[in-house]
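Letter by letter, the chains look like this.
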Amino acid sequence: MDTAYVVDTSVLVHDPRALNAFRKTTVAIPIFVVMELDDLKNNRRFEVAAAARIASRFISALREFGNLSGEAGVRHPDLGTTFHIISDGNGGVEHLSHRTTERSMDLLILASALALKQRGLYKRVVLISKDVNLRILADFEGLDAEDYETDRVQLSDLYTGYRILDRQSVPAADEWGDDSVLDPRELELDDLNPNEYVVVRNGPSERLWRHHPASGQLEPVPVEFREVSDVQPRNLEQRMAIDLLLDPNVKLVTLIGKAGTGKTFLALAAALAQVQKGRRRRAYDRILLSKPVVSMGQDIGYLPGDFDTKMQPWMTSFFDNFDQLIMSDNGASNKGASRDAKNWEYLFHSRQLEVQAIHTIRGRSISSAFMLIDEAQNLTPHEVKTVITRAAEGTKVVLAGDPYQVDNHFLDQHSNGLVYVTERLKSSPITGTVFFSRGERSELAELAATQL
């Protein structure tokens with residue numbers, strides 16, 4: 001083989017099934033990675049512990065094909081890849097007794113990669129790591145180092161869910177009525193994705209169509225939506241979002257954008273409208289709310305109380321929106337999530353509203369529900385897959401988040417689950433996306449979101 005890839009622990013924590021991504025090549029796993037995974041399997045952060053266990057099981061399963069530490073390694077028959085367990089050339093296990101800092105484990109992994117390079121069996125040895133400082137150290141030692149980019153999406157290239165045409169490029173636009181159905185081929189739009197929007201601008205005037213996968217035509221999007229008569233869109237992006245959120249044929253919606261653009265508010269408004277219809281006509285039986293439990297900044301530690309009490313701080317952002325959507329008895333909205341009595345609490349009592357902890361969602365089969373996962377930028381691609389695969393018949397999944405505000409230390413704006421699923425599933429007829437750019441919360445919020 002010309003190239004051997006040495007995989008760092010950070011890669012397996014980020015994507016516990018990362019070893020499946022290496023096809024018809026050679027992969028070396030330092031013994032210190034195995035040891036570090038063992039340390040992490042009891043980590044207080046559930047997602048880290050779960051990833052460590054999954055990665056360890058995959059490595060253990062490789063032993064069925066032979067001796068991982070042998071000179072030839074083992075060849076995975078499906079992947080066509082040879083896997084090795086390697087050390088730094090000085091044993092391995094005894095080094096743990098001399099380890100004084102967490103950083104020494106990284107140095108032992110780096111030393112293992114350098115030892116493999118010095119053996120001269122491969123033309124090129126590459127260390128794959130999510131740890132930018134370890135990659136810098138590798139470069140300093142003359143070792144090739146790369147980021148794990150299999151699930152990486154450049155935010156500048158991310159699918160936005162719509163494209164804008166200038167009036168001058170569409171000469172026939174003056175002949176179209178507000179209810180005109182258009183053939184995308186006449187506009188030379190042969191590469192439209194299903195449920196992608198087309199905006200035609202003529203100065204301050206804007207007209208909006210959606211590419212419907214069933215008809216293959218561009219169909220006009222309503223300006224107002226009677227299903228959510230109390231909540232009307234303030235801009236084109238919100239109009240697109242409501243259109244997707246109210247369409248039962250679109251099973252997965254990703255709402256991406258900075259703070260204050262209305263992602264959560266619109267999703268909850270659409271959910272309420274479709275759950276509160278007459279029992280025979282309503283689209284969904286319940287609303288299921290969840291978000292990753294990831295702290296911004298310094299963690300305050302474990303929270304006391306039962307499940308509802310523990311989850312309350314994380315769910316407050318949902319409750320703030322319910323305060324505005326569901327009026328109090330005197331006709332005014334319940335502003336402020338700290339009030340004792342909330343008019344939306346009946347949704348909990350009637351089981352039309354359910355809070356779901358992300359780390360306990362595995363194994364569930366959720367039918368006839370409107371699932372809203374907020375702050376989805378803090379989920380890994382693997383976790384997003386786990387969430388979406390919980391959706392049974394009649395369930396719609398909405399992922400909302402801001403890729404510029406990632407609080408998960410193992411992710412960034414390019415590698416989180418929200419942008420990953422948006423890009424990977426954009427060509428499906430049952431998915432839709434809106435990338436929000438305009439904030440509507442307040443002048444101050446928009447200033448902070450754009451300038452800070």
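Draft legend 1. Seen up close, the overall build of the protein chain. Scanning the protein chain for helices and strands turns up twelve helices and 16 strands. Within the span of the protein chain, comprising 452 residues, buried residues form 51% of the whole. In the protein chain, the proportion of contacts linking residues at least 24 apart, taken out of those at least 6 apart, comes to 68%. Accessible surface, the protein chain as shown: approximately 22600 Å² in total, 48% of it carbon and sulfur.

Draft legend 2. Spatial organisation of the pairing of strand β8 (residues 197-202). Across five bridges, the pairing between strand β7 (residues 162-166) and β8 is parallel. Considered in β8, the bridge of Tyr-162 is made with Tyr-197. Hairpin connection from β8 to strand β9 (residues 205-211): two residues lie between these consecutive antiparallel strands, with Gly-203 at a positive phi of about 65°.

Draft legend 3. Examining the sheet that holds strand β14 (residues 369-373) more closely. Spatially, β13-β12-β14-β15-β11-β16 is the arrangement adopted by the six strands of the open sheet, whose pairing is parallel. Looking at strand neighbours, the two that pair on one side only are β13 (353-355) and β16 (431-436), the edges of this open sheet. Taking each pair of neighbouring strands and ignoring which way they run, the sheet shows an average axis angle of 15°. In this fold helix α10 (residues 381-388) packs onto β11 (252-257), β14 and β15 (396-401), with an angle of close to 150° to the strand it touches most, β15.

Draft legend 4. Molecular detail of the packing of α10 against helix α11 (residues 417-424). Two elements in contact, α10 and α11, have axes separated by 8 Å at closest approach and are oriented at 65°. It follows from the interaxial angle that α10 and α11 lie roughly perpendicular. Two packed elements cross with a definite hand, and for α10 against α11 that hand is right-handed. Residues Pro-381, Val-384 and Ile-388 of α10 pack against Gly-417, Leu-418, Tyr-420 and Val-421 of α11. By residue class, the composition of the contact of α10 with α11 is six nonpolar, one polar and no charged.

Draft legend 5. Molecular detail of the nonpolar core. With 46 residues, the main nonpolar core has Met-240, Leu-245, Leu-255, Leu-289, Phe-322, Leu-372 and Val-398 as its most contacted residues. The dominant element in this core, judged by the number of residues it contributes, is helix α7 (residues 263-275), at nine residues. Beyond its immediate sequence surroundings of up to four residues, Leu-372 is in contact with Thr-264, Ala-267, Leu-268, Leu-288, Leu-289, Ser-290, Phe-318, Val-398 and Ala-400. Within the second largest apolar cluster, 45 residues are counted, among which are Val-7, Leu-37, Val-48 and Ile-59.

Draft legend 6. Fine view of the pairing of β14. Taking burial as the measure, the five residues of β14 include five buried ones, the bulk of the element. In this structure, strand β12 (residues 286-290) lies alongside β14, joined through five bridges in parallel fashion. Within the sheet, the bridge partner assigned to Leu-288 lies in β14 and is Met-371. Pairing analysis gives four bridges linking β14 to β15, with the strands arranged parallel. Paired with Phe-370 across the two strands is Lys-396, which belongs to β15. With α10 bridging β14 and the parallel β15, this β-α-β connection has right-handed handedness.

Draft legend 7. Highlighting the sheet that holds β9. What the four strands build is an open sheet, ordered β7-β8-β9-β10; its pairing is mixed. Every interior strand has two partners, whereas the edge strands, β7 and β10 (218-220), have only one. Within this sheet the neighbouring strands show an average axis-to-axis angle of 30°, counted without direction. Helix α6 (residues 236-245) contacts β7, β8 and β9 of the sheet and is inclined by roughly 25° relative to β9.

Draft legend 8. Up close: the confidence of the model for the protein chain. Summing up the model confidence of the protein chain, the mean pLDDT is 85 and the portion of residues at 70 or higher is 85%. Here residues 296-300 scores under 50 on pLDDT; set against residues more than four positions off or in separate chains, the count is two contacts. Every residue in residues 334-339 scores below 50 in pLDDT, and together they form 15 contacts with partners more than four places removed in sequence or on other chains.

Draft legend 9. Spatial organisation of the pattern of salt bridges. All told, the structure shown has 15 salt bridges when counted by the stated rule. With a closest N to O distance of 3.7 Å, Asp-147 and Arg-135 form a salt bridge. Placement of the pair is Asp-147 in the loop between β6 (144-146) and β7 and Arg-135 in helix α5 (residues 132-140), with a sequence separation of twelve residues. The exposure class assigned to Asp-147 is buried, which follows from its relative accessible area of 15%. Each of Arg-124, Asp-144 and Glu-146 takes part in one network of salt bridges that share partners.

Draft legend 10. Examining empty space enclosed by the protein more closely. Under the definition given, this model contains one cavity of 30 Å³ or more. Approximately 60 Å³ is the volume attributed to the largest cavity. Lining the largest cavity, in full, are Tyr-159, Pro-194, Leu-252, Thr-254, Val-421, Thr-422, Leu-425, Lys-426, Thr-431, Gly-432 and Thr-433. Listing elements by their share of the lining of the largest cavity, those giving two or more residues are β11, α11 and β16.

Scoring rules and cut-offs
In every chain, residue numbers begin from 1 and rise along the written sequence. Owing to the predicted nature of the model, reporting of local features is limited to residues with pLDDT of at least 70; listing and counting of side-chain atom pairs is limited to 80 or more, with chain, interface and lining totals taken over all residues. Side-chain metrics in this entry use all non-hydrogen atoms of the structure; hydrogen atoms and water are not considered. A run of H or I in DSSP counts as a helix once it spans at least four residues, and a run of E counts as a strand once it spans at least two, with each numbered from the N terminus. Here the term buried applies to any residue with accessible area under 20% of the maximum for its type, exposed to any over 50%, and partly exposed to those in between, with areas from a 1.4 Å probe on protein chains only. Contact between two residues is taken to exist if any of their heavy atoms lie within 4.5 Å; hydrogens are not considered. The Shrake-Rupley method, run with a 1.4 Å probe, gives the accessible areas here. Residue values count only the displayed protein chains as cover. The pairing criterion is simple: DSSP has to find at least two bridges between the two strands. Every axis in this analysis is a line fitted to C-alpha atoms, fitted for helices over the stretch in contact. Angles between the N-to-C directions lie between 0 and 180 degrees. Each angle receives one of four descriptions, namely roughly parallel if under 35 degrees, roughly antiparallel if over 145, roughly perpendicular if within 65 to 115, and oblique otherwise. Crossings are classed by handedness, with left-handed meaning an anticlockwise turn of the near helix from the far one by less than a right angle and right-handed meaning a clockwise turn. Under the scheme applied, nonpolar residues are Ala, Val, Leu, Ile, Met, Phe, Trp, Tyr, Cys and Pro; charged residues are Asp, Glu, Lys and Arg; polar residues are all the others, including Gly. Nine residue types can take part in a nonpolar core, namely buried Ala, Val, Leu, Ile, Met, Phe, Trp, Tyr and Cys, and a core is a set of them joined through side-chain atoms within 4.5 Å. When the strands point away from the viewer and the path from the first strand over the helix to the second turns clockwise, the crossover is right-handed. Note on scores: pLDDT gives the predictor's confidence for each residue, bounded by 0 and 100. Only one rule defines a salt bridge in this text: a Lys or Arg side-chain nitrogen within 4 Å of an Asp or Glu carboxyl oxygen. Here a cavity is any set of points on a 1 Å grid over the protein atoms alone where a 1.4 Å probe fits but cannot get out, and a pocket is any open set with protein on both sides within 12 Å along at least 5 of 7 lines; a residue lines the site when it has an atom within 4 Å of a point. Grid points are joined across faces, edges and corners, and a volume is the space filled by probe spheres set on the points.

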